[in-house]
Amino acid sequence: MLEVTNLMVFYENMLAINNVTLTAKKGSIVGVFGSNSAGKSTLMYSISGIILDIKKKEAMKGGERITVFGKVIFDSKDITNLLPHERAKMGIVLCPERRRIFPESSVLENLKIGAYLDKRNEKKNLEYVLNIFPRLKDHLNRQGGFLSGGEQQMLAIGRALMASPSVLLLDEPLLGLSPYYQKIVVDSIKDIKATKNITVIVAEQYARPIIPVIDYGYIIENGSSVLEGTSESLLNNPDVKSAYFGV
Amino acid sequence: MQIFIYGLINSISLSLVALGFTLVYSISRIPNFAHGALYVATGYFAWILMNLFHFNYFISAILSVFLSCFIGAMIYRLVLIKIRGMEISEVIATYAIGLAIIEGLRWGGLRGATYTLPVIVPGSIEIFGVIVDYQRLFAVFVGLVIFLFFYIFIKFTKTGLALKGIAQDERAAMMLGIDSDKMAIVSFILGSAIAGISALIIFPLGNIVVEAGYNVLVFSIAVSIIGGLGSWLGAVIASFIIGYAQILTEVFLSTHYQMVIALLAIIITLLIRPSGLFGKQKELEERV
């Protein structure tokens, strides 16, 4: 189980995340929805620990001062001050916004680099990834940078799965995808939960395709969590309907 | 013919030296200005071990390369880890360490023609009418072996793949559980090992002189900049350009102009094509 309690993140004096509390039960899909600059990515960075790296690099450059309050607890261990690679070792793997594929490596090599933490199950994981994303099979030797956006997204999710995560964080997995690829990605999220029992936390501004598959969701506005509930309650909420479905 | 063969040998030994510099830069984004110092230091260590401690050649060669790796790792672990990300400080710190090592060796008595390393394979051979000594051919051979080793290491081992990941996108690699500091130390160890090995092969062709440290550094930088900082293929190709340019200046002008040519090449590259021949492909970066 992953818990975020009273998380507050400041960029200088700007409050990016305001007192957000979030719980993700083992093996569930949790959605985090909100518009641009609502704080979704910052929340994902805080859970995966990347925020600490950003903080360090900014401090070195003499850039923005970033402060983090609150706690991130994973399996009843406080991981708030652990570095990203340490958290990844515990099983929290982030599939970042804009995918961040290794552009000069081939698709297969991208997946192999993803298997850094779990070389033992590399074959099994590779089989699973190619099974849920059969399109990648045709491009195994192609450079990652030359794939289309949808293929890159599949590769990014696949690469994260190679690490055998227990919590998979997906940051804007539908960004810039055609409806065809959106469906593939949403289906893969369902499959990841069903066959691998991986906890999935999805941050997305395009909520419509994701809300039906989540178990529990949070709506974030200007850094604060304004609404939370199960899939049905969010679907039937008039505010959510008007803001996210345009009804 | 002479120009061709000596150019080839020169280029390969040059790329051997420059590969270490490029490798460290591509993985840790730190320009290791102490690279030349490690090169000279390894040669000197080997000499000390052989002549003062009377070890045999191979033991002292191996020990000195290890020592150079150790110093490289320590430079990162003790100093650079604290200032990583501040680019100017990285340059100043590595340059200061390099200067300290080189000038320390000079102060410690590394002067004159007394310091030579033995040639591993004596004798010479005539290829297409050009006399080439075996040591130079051996340098080419070792260079090729090291390239092959790296190709296999980067392509097929877990650490090698992790290095490749870090080199392309540090943060994305971190998300997959790769420790950036650990990989930076690995890159320093590998870079220093290459510097050390090339020193052991190239120094027997002449004397161990401290000035070689500066030469190696300048030529490594020239090669990396012309090839595109951080590009391994670029470094190899650029060392052929610089390598042949060196030989041509030696034949048609004079040896003293070699350094001028290298520095001019840096300036011209920065003016015409700042990212170098094989700089990071910008068109690949964003595709939404």
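Residue positions are counted from 1 within each chain, in the order its sequence is given. Think of it this way: whatever chain is written first is A, whatever ligand is written first is 1, and the rest follow in order. Per-residue local features are limited, in this predicted model, to residues with pLDDT of at least 70; the limit for side-chain atom pairs, both in listing and counting, is 80 or more; totals at the level of whole chains, interfaces and linings are taken over all residues. Excluded from the side-chain calculations are hydrogens and water; all other atoms, namely the structure's heavy atoms, are used.

1. Digging into the overall build of chain A
To keep it simple, the criterion reads: Elements are defined by DSSP. Helices are runs of H or I of four residues or more, strands are runs of E of two residues or more, and each kind is numbered from the N terminus. To get the radius of gyration, use the C-alpha atoms; to get the globule rule, take the number of residues to the power 0.38 and multiply by 2.2 Å. Only heavy atoms enter the contact rule, under which two residues are in contact if any of them lie within 4.5 Å. We get accessible surface area from the Shrake-Rupley algorithm with a probe of 1.4 Å; when it comes to residues, only the shown protein chains can shield them.
Each helix and strand counted, chain A has nine helices and ten strands in total. Relative to its length of 247 residues, chain A is compact, with a C-alpha radius of gyration of 17 Å against a globular reference of 18 Å. Along the longest, intermediate and shortest principal axes, the C-alpha atoms of chain A span 45 × 45 × 35 Å. Long-range contacts, defined here as pairs at least 24 residues apart, represent 70% of the contacts in chain A between residues at least 6 apart. When the accessible surface of chain A is totalled, it reaches about 10300 Å², and 50% of it is carbon and sulfur.

2. Section: the overall build of chain B
Applied cut-off: For every residue, the accessible area obtained with a 1.4 Å probe (protein chains only) is divided by the maximum for its type, and the residue is called buried under 20%, exposed over 50%, and partly exposed between those limits. When charges are counted, Lys and Arg contribute as positive and Asp and Glu as negative, whereas His and the chain ends are disregarded. For the purpose of locating charges, the reference atoms are NZ of Lys, CZ of Arg, CG of Asp and CD of Glu.
Regarding its fold elements, chain B presents eleven helices and two strands. In terms of overall dimensions, chain B is globule-like: its C-alpha atoms have a radius of gyration of 19 Å, near the 19 Å expected for 288 residues. Oriented by its inertia axes, the alpha-carbon framework of chain B measures out at about 60 × 45 × 35 Å. Out of the 288 residues in chain B, the part that is buried amounts to 53%. A separation threshold of at least 6 residues defines the contact pool for chain B, and within that pool the share at least 24 residues apart is 76%. For chain B, the accessible area works out to roughly 13000 Å², and carbon and sulfur atoms hold 71% of it. Across chain B, the mean location of the 16 positive side-chain charges is 6 Å away from that of the 14 negative side-chain charges.

3. Brief notes about the interface of chain B and chain A
How large an interface is tends to be reported as the accessible area lost when its parts come together. The criterion, for reference: A 1.4 Å probe defines the accessible area here, and the buried area is the portion of it lost by two parts on being joined, summed over both. By convention in these notes, a salt bridge is any Lys or Arg side-chain nitrogen within 4 Å of a carboxyl oxygen on Asp or Glu. We call two N or O atoms a polar contact when they sit within 3.5 Å, provided that within protein one can donate a hydrogen and the other can accept it, with sequence-adjacent residues counted only if both atoms are side-chain atoms.
Tallying the contact residues gives 31 residues for chain B and 35 residues for chain A. Note on chain B versus chain A: buried area summed over both sides is about 3300 Å², and carbon and sulfur give 59% of it. Two residues, arginine 100 of chain A and aspartate 169 of chain B, come together in a salt bridge whose shortest N-O distance is 2.9 Å. The interface formed by chain B and chain A holds eight residue pairs in polar contact (both at pLDDT 80 or more) in total.

4. A look at the pattern of salt bridges
Pairs can form between side chains of opposite charge whenever their charged atoms are close. Scanning the entire structure with this criterion turns up 19 salt bridges over all chains. We note a salt bridge from aspartate 53 of chain A to lysine 57 of chain A, for which the minimum N-O separation is 3.1 Å. Here aspartate 53 of chain A pairs with lysine 57 of chain A, and both are found in helix H2 (residues 50-61), just four residues apart, close to one helical turn. According to the relative accessible area criterion, aspartate 53 of chain A is buried, its value standing at 5%. Among the ionic pairs, arginine 106 of chain B bridges to glutamate 211 of chain B, the shortest N-O distance being 2.9 Å. Of the two residues, arginine 106 of chain B sits in helix H4 (residues 87-107) while glutamate 211 of chain B sits in helix H9 (residues 211-227), which places them 105 residues apart along the sequence.

5. Overview of the nonpolar core
Residues and elements named next belong to chain A. How we decide: Only buried Ala, Val, Leu, Ile, Met, Phe, Trp, Tyr and Cys residues count toward a nonpolar core, and they belong to the same one when joined by side-chain atoms within 4.5 Å.
Of all hydrophobic cores here, the largest spans 73 residues; its most connected members are Leu161, Ile192 and Ile210. In contact with leucine 161, other than residues within four places in its own chain, are Asn125, Tyr128, Val129, Ile132, Leu168, Ile192 and Ile198. One finds Ala16, Val72, Phe74 and Leu169 within the second-largest nonpolar core, a separate group that totals 35 residues.

6. Section: empty space enclosed by the protein
Residue and element names in this part refer to chain B. This is how the line gets drawn: Grid points spaced at 1 Å over the protein atoms alone were grouped into cavities, where a 1.4 Å probe fits but cannot get out, and pockets, open sets with protein on both sides within 12 Å along at least five of seven lines, with lining residues defined by an atom within 4 Å of a point. Grid points are joined across faces, edges and corners, and a volume is the space filled by probe spheres set on the points.
Evaluation of the coordinates by the stated rule reveals two cavities of 30 Å³ or more. Its volume calculated, the largest cavity comes out at about 40 Å³. Every residue lining the largest cavity is listed: Phe33, Gly36, Ala37, Tyr95, Gly98, Leu99, Ile102, Gly213, Tyr214 and Leu217. The set of elements that each furnish at least two residues to the lining of the largest cavity consists of helix H2 (35-51), H4 and H9.

7. Thoughts on the sheet that holds strand E9 (residues 216-221) of chain A
All names here are of chain A. Defined as follows: A pair of strands counts as paired when DSSP detects no fewer than two bridges linking them. Note on method: axes are straight lines fitted to C-alpha atoms, helices fitted across the in-contact stretch only, with angles between N-to-C directions ranging 0 to 180 degrees.
If you walk across this open sheet you meet the six strands as E6-E7-E8-E3-E9-E10, and the pairing is mixed. A single partner strand is all that each edge strand has here, and the edge strands are strand E6 (92-95) and strand E10 (224-230). Looking at each pair of strands side by side, their axes are set apart by 15 degrees on average, direction ignored. Taken together, the five bridges between strand E3 (residues 29-33) and strand E8 (residues 199-204) define a ladder with parallel strand orientation. For isoleucine 29, the partnering residue across the bridge sits in E8 and is valine 200. Together, E6 and strand E7 (167-171) form the strand contacts of helix H6 (residues 149-161), whose direction differs from that of E6 by roughly 170 degrees.

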